Amino acid sequence: MTANAPKRGLANKSSNYGDREFALYLRRSFAASMGYSRTMLEKPVVGIADTASDYNNCHRTIPELIEAVKRGVLAAGGLPLSFPTVSLCEPSLNPCSMHYRNLMALDTEAMLTAQPMDSVVLVGGCDKTVPAQLMAAASADIPAVMLVTGPMLAQRFEGERLAACTDCRRYWARYRAGDVSAEKIHQVEEKLATSAGTCGVMGTASTMACIAAVLGFMPLPGASAPAVHADRLRIAEEAGFLAVHLIENPVKPSQLLTRNSIENAMRVLLSIGGSTNAVVHLAAIAGRAGIDMELGWLDRLSEETPVLVDLKPTGDGYMEDFHAAGGMGALLRELRDLLHLDCIDLYGKTLAERIDASPAFVDRGIIRARNTPISPVGGLVALRGSLAPDGAILKRSAATESLFEHEARCIVFDGLEDLANRIDSDDLDVTPTDILILKGAGPLSPAGMPEAGHLPIPKKLARQGVKDMVRMSDCRMSGTAYGTVVLHIAPEAAAGGPLALVQSGDRVRLSLKERRVDLLVPEDEMARRRAAWTPLPKPKRGWDRLVHEQVTQAPQGADLRFLRPDGE
Ligand code: FES
């Protein structure tokens, strides 16, 4: 190696003792204590971000996946070194996993930039882990392969197929309505998630996997191969090979994340009837690359992008069906004329080449042709209006069409505790046509933007057979949920947006036709309420304090300002 050649492997990113040769000597000595030979220690290094955790069921297979990645790295001539990072499992965190997505991104970015590695395989899967890892990769800008754990399998129970978590919500709604007994709901509890892997529907985890694939961070089949399928291990092995290939043939995240590739990702998001959460995550990933993913852009694409994939919560199937139906290759072939085909992947192949190389088979029961779509327009719409001056999102593919144009009085819940205390009260003055509003649950709030936007139908209405109502909030809902639910209202209540000022009894209007959500309160009354509004106190210390000082609103991805490229 010449003196000016870039440093590789353990010689890279030296620790500082004031003597670089000693620093490398010391590093090798300590690495040798783990039993590595000098030959191995001189190889290029592939880092492997290990997010296995006993708190994360969705990542249960990661030890086996890492073994397969290492096999690929070793066979290709690299030294695989795995390292732990923060791991986030959706139901395991308080106040919610979203509150910690940026912490995981910060932790991962720091480890990618501080430790010697020539490329990295990021192993994640559950909702927040893939966005966090892609955000970190974008900021660290080293060659990074995304490997997801893959979806769980649906299992049969009393003649129907079940998988987390659309079916969890469906059964729970029936239980609340009195259609399902306490005994049955306990029985079903162990039948909803019966194999390793991420939620088995087109929820956030699956949506983000599809997005990572179209962005080029993984081979196309990597988006959908089930967690327990042998394909998944072969994909992991290939990730190891690819990571070594990238050392001599680098393709960096900054080459993958362009305006055109982000547009491709939005097309995919819309065509799969994907999760509303992916809008926030994709905005954060794009933001790390200096790309402003404004909501109007998504909305324009939504008008000309059909929903083609028939999976829950929009349709009927599960991720394993999508994989067997041809997966991302078959979907992208169908969308071909809507895509920027010159975007490259980690192999440097164009999207056109990737589509052409995909198997021709397609199961039309799951992946529809363009002329027989599930919906001729995309699954998501962006809204604006006096209640959401900076935007809001609604998943129309999972909403009730008769509620698309709706004006009514609203019932307001001021935070999660108020919601929990009153939603099922017999005294709650509510009718099926009312609009339910939850405020105080956005990214700046202590709630941290949880998946509480799918407000439960008040028990007394659920028992009358009410299945859907218009619901609005500044928080998110699970990608596995459904209903006429306006989400991510910005500015949020905690930031002093109009949502902070809404009161029970106010009239609110939703119009999908006009893409508006309006609070019908006279301006002088709004001014009076605004004058009386006081912001929440700052958290005293720690992560909560940093979030409070730095977090952006949902349309900017709810990232931390100082982690964006301009630090603003
Ligand atoms: Fe991890 Fe659904 S809880 S993917």
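The structure we're discussing is the one just above.
Worth saying up front: this structure is predicted, and the values here are computed from it rather than measured. Each chain carries its own residue numbering, running from 1 in the direction its sequence is written. Local features in this predicted model are restricted to residues of pLDDT 70 or higher, and side-chain atom pairs are both shown and tallied only at a pLDDT of 80 or more, whereas totals for entire chains, interfaces and linings draw on every residue. Hydrogens and waters are ignored; side-chain quantities use all the structure's heavy atoms.

**So, the pattern of salt bridges**
Under the convention used in this document: A side-chain nitrogen of Lys or Arg and a carboxyl oxygen of Asp or Glu constitute a salt bridge if their distance falls within 4 Å. Starting at the N terminus, helices and strands are each numbered in turn, a helix being any DSSP run of H or I of at least four residues and a strand any DSSP run of E of at least two. Between buried and exposed lies partly exposed: a residue is buried under 20% and exposed over 50% of the maximum accessible area for its type, with that area taken using a 1.4 Å probe on protein chains only.
Summed over the entire model, instances satisfying the criterion amount to 39 salt bridges. Between R161 and E320 there is a salt bridge, and its shortest N-O distance comes to 3.3 Å. Of the two residues, R161 sits in strand β6 (residues 160-162) while E320 sits in helix α14 (residues 319-324), which places them 159 residues apart along the sequence. We classify R161 as partly exposed; its relative accessible area is 25%. A relative accessible area of 18% means that E320 is categorised as buried. In this structure, the salt-bridge partner of R396 is E303, at a minimum N-O distance of 3.0 Å.

**Quick look at the packing of helix α11 (residues 259-271) against helix α13 (residues 295-302)**
Worth spelling out the cut-off: What counts as an axis is a line fitted to C-alpha atoms, over the stretch in contact for a helix, and the angles between N-to-C directions run from 0 to 180 degrees. Comment on the angle field: the value is read as roughly parallel under 35 degrees, roughly antiparallel over 145, roughly perpendicular from 65 to 115, and oblique elsewhere. It is the rotation of the near helix from the far one that decides the hand of a crossing: anticlockwise by less than a right angle makes it left-handed, clockwise makes it right-handed. By the convention used here, residues are in contact when the closest approach between their heavy atoms is within 4.5 Å. Three residue categories are used. Nonpolar comprises Ala, Val, Leu, Ile, Met, Phe, Trp, Tyr, Cys and Pro, charged comprises Asp, Glu, Lys and Arg, and polar comprises the others, including Gly.
The N-to-C vectors of α11 and α13 enclose an angle of 55°; their axes lie 10 Å apart at closest approach. On the basis of their axis angle, the class for α11 and α13 is oblique. Note on packing geometry: the crossing formed by α11 with α13 is right-handed. Here α11 contributes R259, I262, E263, M266, R267, L269 and L270 to the contact with α13, which in turn contributes W297, L298, L301 and S302. Residue composition of the contact of α11 with α13, grouped by class: seven nonpolar, one polar and three charged.

**Looking at unusual backbone geometry**
Cis geometry marks the peptide bond from N94 to P95; its omega dihedral reads 0°. Assignment of secondary structure puts P95 in the loop between β2 (79-84) and α4 (98-114). A cis amide bond links A164 to the next residue, C165, at an omega of 0°. Here C165 lies in the loop between β6 and α6 (166-176). Here E158, not a glycine, exhibits a phi torsion of approximately 45°, which is positive. Along the chain, E158 falls in the loop between β5 (155-157) and β6. For E158, a relative accessible area of 55% corresponds to the exposed category.

**What about the packing of aromatic side chains?**
Which entries qualify depends on this criterion: Classification of ring pairs uses Phe, Tyr and Trp, with its six-membered ring standing for Trp, and accepts pairs whose centres are within 6.5 Å; under 30 degrees between planes counts as stacked, over 60 as edge-to-face, and the remaining range as tilted.
Tallying each qualifying case throughout the model produces two aromatic pairs. Ring centres of Y17 and F22 lie 5.8 Å apart, and the angle between their planes is 80°; on these two criteria the pair is classed as edge-to-face. Judged by centre distance (4.9 Å) and plane angle (50°), the ring pair of W172 and Y175 falls under tilted. Note that W172 and Y175 are positioned in helix α6 at a spacing of three residues, about one turn of the helix. Relative accessible area serves as the criterion here: at 45%, W172 is assigned to the partly exposed category.

**Description of the packing of α4 against helix α20 (residues 542-550)**
α20 packs onto α4 with a crossing angle of 100° between their chain directions and a minimal axis gap of 11 Å. By the angle between their axes, α4 is roughly perpendicular relative to α20. Of the residues in α20, those in contact with H99, Y100, N102, L103 and L106 of α4 are W543, D544 and V547. A breakdown of the residues in the contact of α4 with α20 according to their chemical character gives five nonpolar, two polar and one charged.

**Quick notes on the pairing of strand β9 (residues 405-414)**
Side chains on a regular strand alternate between the two faces of the sheet. The condition is simple: Two strands form a pair only when DSSP identifies at least two bridges running between them.
Pairing of β9 with strand β13 (residues 507-511), which is carried by five bridges, proceeds in the antiparallel orientation. Considered in β13, the bridge of A408 is made with V508. In this sheet, strand β10 (residues 435-439) lies alongside β9 in parallel orientation, the contact comprising five bridges. Paired with V412 across the strands is I437, a residue of β10.

**A few points about the environment of C126**
For C126, the location among the structural elements is in the loop between β3 (119-124) and α5 (129-140). Along the primary structure C126 and T149 are separated by 23 residues, whereas in three dimensions their C-alpha atoms are 8.1 Å apart. Not counting residues within four places of it along the chain, the set of residues in contact with C126 comprises N56, C58, H59, L88, C89, E90, T198 and A205.

**Digging into the environment of L461**
Position of L461 among the secondary structure elements: in helix α18 (residues 459-462). It is 9.8 Å that separates the C-alpha atoms of L461 and R176, two residues lying 285 residues apart in sequence. Every residue in contact with L461, bar those within four places of it in the chain, is listed here: V430, T431, P432, V466 and M469.

**Here's the deal with the sheet that holds β3**
Taken in spatial order, the four strands make up an open sheet running β2-β1-β3-β4, and their pairing is parallel. One side of each edge strand has no neighbouring strand; the edge strands of this open sheet are β2 and β4 (144-148). Across the sheet, the mean angle separating the axes of adjacent strands is 20° when strand polarity is ignored. Where strand β1 (residues 45-50) lies against β2, six bridges are found, and the strand directions are parallel. Paired with V46 across the bridge in β2 is P80. In the packing of α5 onto the sheet, the strands contacted are β1, β3 and β4, and the crossing angle to β3 comes to about 165°.

**Points about a nonpolar patch on the surface**
Which entries qualify depends on this criterion: For patches, a residue must show more than 30% relative accessible area and have no salt bridge; joins then use 9 Å for like charges and 5 Å for nonpolar side chains, namely Val, Leu, Ile, Met, Phe, Trp and Tyr. Accessible surface is estimated by sampling points in the Shrake-Rupley manner with a 1.4 Å probe; for residues, cover comes only from the protein chains shown.
A cluster of nonpolar side chains, Y17, F22 and Y25, forms an exposed patch at the surface whose accessible area comes to about 370 Å². Along the chain, Y25 falls in helix α1 (residues 20-32). Y25 gets classed as exposed once you look at its relative accessible area, which sits at 57%.

**Description of the nonpolar core**
Rule in force here: Working definition of a nonpolar core: buried Ala, Val, Leu, Ile, Met, Phe, Trp, Tyr and Cys residues. They are joined through side-chain atoms within 4.5 Å.
One finds I262, F322 and M328 to be the most contacted residues of the largest nonpolar core, which totals 137 residues. With residues near it in sequence (within four places) discarded, I262 still touches L215, L257, L282, A286, I291, M293 and W297.

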